[in-house]
Amino acid sequence: MKFFKLLMAIFLLNSFLYSVAHAQSVSPTKQQIEQFKKLPKAQQQVLAKKYGLDMSLLSDSNRSSSEVVTDEPSVLPRDPFATSQEQFTIEEERYKPKEESIEPFGYELFSGQPTSFAPPENALVPDSYIVGAGDTVSVNFFGKETLSEEVTIDREGRLSISNLKPVTVAGMEYRDVVNLIKAKVKNEMIGTDVFVSMGKTRTIRIMVLGEAHKPGAYTVPSLSSITHALFVSGGISEIGSLRKVQLKRAGKTIKTLDLYDLLIQGDSTDDVMLKPGDVVFIPAVGEQVTIKGDVRRPAIYELKGGESNKDLMKMAGGLNASAYPQGTVIERYTGNSDKTVLQINLAMANQYTPQNGDVINIPSSSEQLDKVVTLIGAVTYPGNLAWNEGQRISDLFNSIKTDVLPIADYDYSLLVREINEKGDIELYQFSLLKALNGDLEHDLALQSKDKVLVFSRYLSRENEQLAMSNAALTQEQIERKEQLKLWNAFEQRKFYDFIGLESLSKKNVKDAEEEQNQIASNFSGLSFGEEENLPESDLAFFSRTKLLQPIIAKLKEQSLLGDKVDTFTIRGEVSFPGLYPLAKNTSVRNAIIAAGGLKESAYLESSEITRLVYGQDHDVEHINIELLSELTKADREGFQLISKDSINIFPKPNWQEDIKVKLFGEVRFPGTYSIKKGESLSQLIDRAGGLTQFSSPNSAVFTRLSIQNKQQQELIKLSQELRRDIAAKSFNTSITEASLSYQDMNNLIEDLSKVKAVGRLVIDLPDILAGKKSLALENGDALYIPSKSVSVNVVGEVNFSSSHLYDSELTLNDYINRSGGLKQRADEEKIYIIKASGLVEIPETSSWFAVENKVQLSPGDTIVVPLNTDHIDNLTLWSSATQILYQLGIAVAAISSL
């Protein structure tokens, strides 16, 4: 039975392998592919993914069965190289710039497969319609006799109506037939009137020849016109003429239809009705010109002869508003195997005579604005303003309250001016407040294309938004505030365009962001101090960092040929130290204003300027100036800066910021105290009135910020080392070691990394108060003096962690026993005591590794019983022992068998 089952399994396995091999070697038939196509798209994708089918091959409905099973690759398991090639093709189609495609005009309307497009049966029949055999006439009698009848004109062209003699009407116009019937009824049926209308019209046989999509003979309704014939023949081929479609009758051309009149003007006058035997002939296309560029309808147009500039523009739908016809460029074949280029003013009438093959390119006007001044920054209405001759800064603002945002820096603004055709710039610094107050030294005269930058007096976005929210704004101003984000991107892009950094404005978005971030990272450390080194996302919209980046980049760009870079650096006790563009006539005073002004700690008696002396050795000189004197001088009278100057504003000697220390707990006057440099802890406690009678100086807790930061770094380092050790140990784990899952270990390390350091400094407060020791205070220090404690704490691997009333007669073991004794996993050899002061004492051990009881405990002490990390539980121990005994038994049996 078992042998039979084994044979069956082998048979089934071989059958499966054969079927798989067969499936991979045979392509699906055409019928199978057709059935596959009938499935919904989602099911097709699922089946194709499951069986490795090629959807691109299956979707080709024009493939024949022979193509599927012969030389074409199988649609089953695909070639891996084909997949990569298809991926490359997809990416190429996605990212490769698409070239402008100019198509011949009008052909798409008539192109395609032949269609049965025809006039509707209930269409109004014109009075001039020529009736013939096969047409149906509807006749309704009323009066003495009432009768409705539809009569068809027979092959002989006769119309036979009841109660009337037959009459021949073939070849007559429809209105004449109606009048004839009414006359016969009046004469032959007295007292009866008649109403005559056209019923079903006949069909006629015509021919469409020449450059039609499907030339041949067609049967069309008798109401069909030339355009109907074009539709039923599938339209005009690419080499057919749209302007000379001929209607031939009895060998003569009786009408020529210009489809441009129909397509461009809607004129269907020449689209006449057809008659039986008519021939619609489409000749080859005539001369052509290509019109492209800034026109409404760029295309290839056919010439009829004698067209003017106006006619060409009418064909192309006219010029766009941004077109520049004065710079029209024409490419023309000369007949000598080459081409030439003509430049004309297309706006001038009859200046150009088109020739076959001409390519007319109408360029667009420049996007560069003329006679404009641009406002950028912390203003209410940023953007482009009209420039007029004699205009000044003050003319751009009606009021500093309404036209300038509350966050604006009224003392520092820049005027950026383009000075040559290369786009090089120069800068002028001015005070917006002084300009609006009529100071002509700051109320600068404007020129066309000037850019006025108004900076925010804040560096961080948070401070800027706080200032805006606290300002008394109207509803309209609040709405304008919300538009700051939208304007920021616009202004940045426009300004990059202006200063010539086209790489930041015309590249794709991703590259532009990367390049802008790179510039920001280059200037963040150089331009502004480390304490102000904010990430790009946290900078204020109109901060100095953001608005000055492109300016400094442009100044560096225009100095690539060896010219000096017009920048200066200011460091030290200013609000915004960093790198700044050097404006015209920049004095030390203006440089300090650009940096946001002096700090309170600035030393006014002296400051230093470091200057590069350009020459063979490029020496450096240091210039000392009296800062207070420079601040009182006019701009033109002060010390003038040059390129690469570096200003250092010194701090006042022995200057200190407000140093604060906190006292908590059992002091007479706890709270936050301002101290002076070098003040000691004992002096501060004396200022606070000393300790209370309930204080416990031995238990004082002292923390320091610098120690806290250092301890926090050590905790981070410890977590990193622990992660590395666990990863290394995971490759060499003993069977006796209990192991945690990766997630548990990761959670443990994450918890460790989140632990906040305390920053405690262990001190002996009684010795400090007695003058035996001294501790100088620092900013951020804190001292907590607890009340007297009367307990001893026991924590760790004891059966019940608890606090016990202090008793001088009790030993360390007594306190442990009162907490239920040690647990099995306790490490008795490593018990330690945390004193109330923060010191750690380790009790001495006897020769038998037992903790001695000769240790002095005090109120507030904590006994810690740690975990024995080398402990092995009984199950693991016996499992290991059993494995060892089992291996020994196998070894003995093997030896015995020898």
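Residues numbered from 1 in each chain as written. Predicted model: local features only at pLDDT ≥ 70, side-chain atom pairs only at ≥ 80, totals over all residues. Heavy atoms only, no water.

## Thoughts on the side chain of serine 224
Our working definition: A helix here means a DSSP run of H or I that spans at least four residues, while a strand means a run of E at least two residues long, and both kinds are numbered starting from the N terminus. Any N or O atom pair separated by 3.5 Å or less is treated as a polar contact, with the protein-specific requirement of one donor-capable and one acceptor-capable atom, and with residues adjacent in sequence counted only for side-chain atom pairs.
Along the chain, serine 224 turns up in the loop between strand 7 (216–221) and helix 9 (226–232). Among the polar contacts made by the side chain of serine 224, one reaches the main-chain carbonyl oxygen of proline 221 at a distance of 2.9 Å.

## Digging into the nonpolar core
Spelled out, the test is: What makes a nonpolar core is a set of buried Ala, Val, Leu, Ile, Met, Phe, Trp, Tyr and Cys residues whose side-chain atoms join them at distances within 4.5 Å. Summary of the burial criterion: residues with accessible area below 20% of their type's maximum are buried, those above 50% are exposed, and those between are partly exposed, where the area comes from a 1.4 Å probe applied to protein chains only. The contact criterion used throughout is that any non-hydrogen atoms of two residues lie within 4.5 Å.
With 61 residues, the main nonpolar core has Ile393, Val452, Ile551, Ile570 and Tyr580 as its most contacted residues. Setting aside chain neighbours within four positions, we find isoleucine 570 in contact with Pro577, Gly578, Tyr580, Ala591, Ile592, Ala595, Ile647 and Ile649. In terms of nonpolar packing, the next biggest core, distinct from the first, is built from 41 residues, Val232, Val245, Ile344 and Leu346 among them.

## Observations regarding the pairing of strand 14 (residues 339–344)
Our working definition: When DSSP finds at least two bridges between two strands, those strands are taken to pair.
Bridge count between strand 13 (residues 328–333) and strand 14: six bridges; the pairing is antiparallel. Directly across from arginine 332, in strand 14, lies its bridge partner threonine 340. In textbook terms, the turn of a hairpin is the stretch between consecutive antiparallel strands, and for strand 13 and strand 14 this stretch comprises five residues, one of which, glycine 335, has a positive phi near 90°.

## Describing the environment of glutamate 211
Relative to the helices and strands, glutamate 211 resides in the loop between strand 6 (203–210) and strand 7. Take glutamate 211: its relative accessible area is 25%, and that puts it in the partly exposed class. In sequence terms glutamate 211 and valine 245 are 34 residues apart; their C-alpha atoms lie 9.9 Å from each other. The residues touching glutamate 211, leaving out its near neighbours within four places in the chain, are Ile236, Ser237, Ile239, Gly240, Ile282, Pro283 and Ala284.

## Brief notes about the sheet that holds strand 30 (residues 782–785)
Taken in spatial order, the five strands make up an open sheet running 27-26-30-28-29, and their pairing is mixed. With one partner strand each, in any of the chains shown, strand 27 (671–675) and strand 29 (760–761) form the two edges of the open sheet. Across two bridges, strand 28 (residues 701–703) lies against strand 29 in antiparallel orientation. Residue pairing across strands places threonine 703 opposite arginine 760, the latter belonging to strand 29.

## Observations regarding the pattern of salt bridges
Selection criterion: Here a salt bridge means any side-chain nitrogen of Lys or Arg lying within 4 Å of a carboxyl oxygen belonging to Asp or Glu.
The full count for this structure, using the stated rule, is 24 salt bridges. In this structure, glutamate 156 and arginine 158 form a salt bridge, with 3.9 Å as the shortest nitrogen-oxygen distance. Residue classification places glutamate 156 among the exposed positions, given a relative accessible area of 54%. One salt bridge connects arginine 175 with glutamate 173, and the closest N-O pair in it is separated by 2.9 Å. We classify arginine 175 as partly exposed; its relative accessible area is 39%. Ionic contacts of the salt-bridge type, sharing partners, join the residues Arg243, Asp258, Lys304 and Glu307 into one network.

## Observations concerning a nonpolar patch on the surface
Rules: Patches were defined on residues exceeding 30% relative accessible area and lacking a salt bridge, with like-charge contacts within 9 Å and nonpolar side-chain contacts (Val, Leu, Ile, Met, Phe, Trp, Tyr) within 5 Å. Methods summary: accessible areas were calculated by the Shrake-Rupley approach with a probe of 1.4 Å, and residue burial reflects only the protein chains presented.
A cluster of nonpolar side chains, Leu612, Tyr614 and Val620, forms an exposed patch at the surface whose accessible area comes to about 230 Å². Within the secondary structure, tyrosine 614 sits in the loop between strand 23 (607–613) and strand 24 (619–625). Here tyrosine 614 falls in the partly exposed class, since its relative accessible area comes to 36%.

## Focus on the confidence of the model for the protein
For any part of a model where pLDDT is low, the fine detail of the predicted coordinates should not be relied upon. Quick reminder of the rule: For every residue, the pLDDT score states the predictor's confidence, bounded by 0 at the bottom and 100 at the top.
Here the protein averages 79 in pLDDT, and 74% of its residues register 70 or above. When pLDDT is averaged over each helix and strand of the protein, the minimum, 39, is found for helix 5 (residues 65–69) and the maximum, 95, for strand 10 (residues 279–282). Note on residues 1–26: pLDDT under 50 across the span, and three contacts to partners over four residues away in sequence or across chains. A low-confidence stretch, residues 61–84 (pLDDT under 50), is modelled with 32 contacts involving residues beyond four sequence positions or located in other chains.

## Regarding helix 18 (residues 544–557)
Every α-helix winds through 3.6 residues per turn, so residues three or four apart in the chain are directed the same way. For clarity, the cut-off: Helices are assigned an expected span. That span is 1.5 Å times one less than the residue count.
Between its terminal C-alpha atoms helix 18 stretches 20 Å, which fits the 20 Å expected from 14 residues at 1.5 Å a residue. Within the span of helix 18, buried status applies to Arg544, Thr545, Lys546, Leu547, Leu548, Gln549, Pro550, Ile551, Ile552, Ala553, Lys554 and Leu555.

## Let's talk about unusual backbone geometry
Unusually for a residue other than glycine, asparagine 585 sits at a positive phi of about 55°. Structurally, asparagine 585 can be placed in the loop between strand 22 (578–581) and helix 19 (588–594). Despite not being glycine, lysine 644 shows a phi value in the positive range, around 75°. Tracing the backbone through its elements, the reader meets lysine 644 in the loop between helix 20 (627–632) and strand 25 (646–649). Here lysine 644 falls in the partly exposed class, since its relative accessible area comes to 38%.

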